[in-house]
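# Architecture at a glance
Okay, here's what each chain looks like letter by letter:
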Amino acid sequence: MSVLFPKVNKPREWDYRPIYFDEEKEARKDKKLARLHHGSFREEHEKNMTEFRKKKQSRLVFWLVLLGLLVFTFYFLL
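Residues numbered from 1 in each chain as written. Predicted model: local features only at pLDDT ≥ 70, side-chain atom pairs only at ≥ 80, totals over all residues. Heavy atoms only, no water.

### Section: the overall build of the protein chain
A tally of regular secondary structure across the protein chain gives two helices and zero strands. Across its three principal axes, the protein chain shows a C-alpha extent of roughly 105 × 40 × 25 Å. Counting 17 positive and 11 negative side-chain charges, the protein chain places the centres of these two groups 9 Å from one another. (Helix = DSSP H or I, 4+ residues; strand = E, 2+ residues; numbered from the N terminus. Lys, Arg positive; Asp, Glu negative; His and termini not counted. Charge placed at Lys NZ, Arg CZ, Asp CG, Glu CD.)

If you want it as structure tokens, here you go:
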């Protein structure tokens, strides 16, 4: 510590960045807020679950058809 020249902090500089209006950003924000209405999480969950069930069912049908073809092939070839 100096008695003759005490340390004095510099004042903060003014860092001003103007905010410009961006229509696209505002539209995205409004669209996002519109999606989040009451009950939207439940609706999204139900939609995702129905898609999951459809995908699971189509996968099951694929494997059953493949198994049927293999059984048919082995039955007639062997």
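### A short note on the packing of aromatic side chains
Evaluated as defined, the whole model comprises three aromatic pairs. Plain terms: the ring middles of Phe-62 and Trp-63 are 5.2 Å apart, the flat faces sit at 70° to each other, and that makes the pair edge-to-face. A ring pair is formed by Tyr-75 and Phe-76, whose centres lie 5.2 Å apart and whose planes are at 85°; its orientation type is edge-to-face. With respect to class, Tyr-75 is no different from Phe-76; both count as exposed. Following the ring pairs from residue to residue traces out a cluster consisting of Phe-72, Tyr-75 and Phe-76. (Phe/Tyr/Trp six-rings, centres within 6.5 Å; stacked < 30°, edge-to-face > 60°. Buried < 20%, exposed > 50% of the residue type's maximum accessible area, 1.4 Å probe, protein only.)

### Some words on a nonpolar patch on the surface
Residues Phe-62, Trp-63, Leu-66, Leu-70, Phe-74, Leu-77 and Leu-78 make up a contiguous nonpolar surface patch of about 830 Å² in total accessible area. We classify Leu-77 as exposed; its relative accessible area is 68%. (Patch = residues over 30% accessible without salt bridge, like charges linked within 9 Å, V, L, I, M, F, W, Y side chains within 5 Å. Areas by Shrake-Rupley, 256 points an atom, 1.4 Å probe, with all protein chains shown as cover. Salt bridge = Lys/Arg side-chain N within 4 Å of Asp/Glu carboxyl O.)

### Concerning helix 1 (residues 23-35)
The terminal C-alpha atoms of helix 1, which comprises 13 residues, lie 18 Å apart, in line with the 18 Å expected from a rise of 1.5 Å per residue. Little of helix 1 is tucked away, with zero of its 13 residues classed as buried. (Expected span 1.5 Å × (residues − 1).)

### Comments concerning the pattern of salt bridges
Here the structure, examined in full by the defined rule, presents two salt bridges. Of the charged contacts, one joins Glu-26 and Lys-29 as a salt bridge, the two residues approaching to 3.9 Å between their closest N and O atoms. Pair noted here: Glu-26 and Lys-29 are both in helix 1, with a separation of three residues, about one helical turn. With relative accessibility at 29%, the residue Glu-26 sits in the partly exposed group.

### What about the environment of Phe-74?
Positionally, Phe-74 belongs in helix 2 (residues 40-77). According to the relative accessible area criterion, Phe-74 is exposed, its value standing at 53%. When the C-alpha atoms of Phe-74 and Phe-41 are compared, they prove to be 49 Å apart, with 33 residues separating the residues in sequence.

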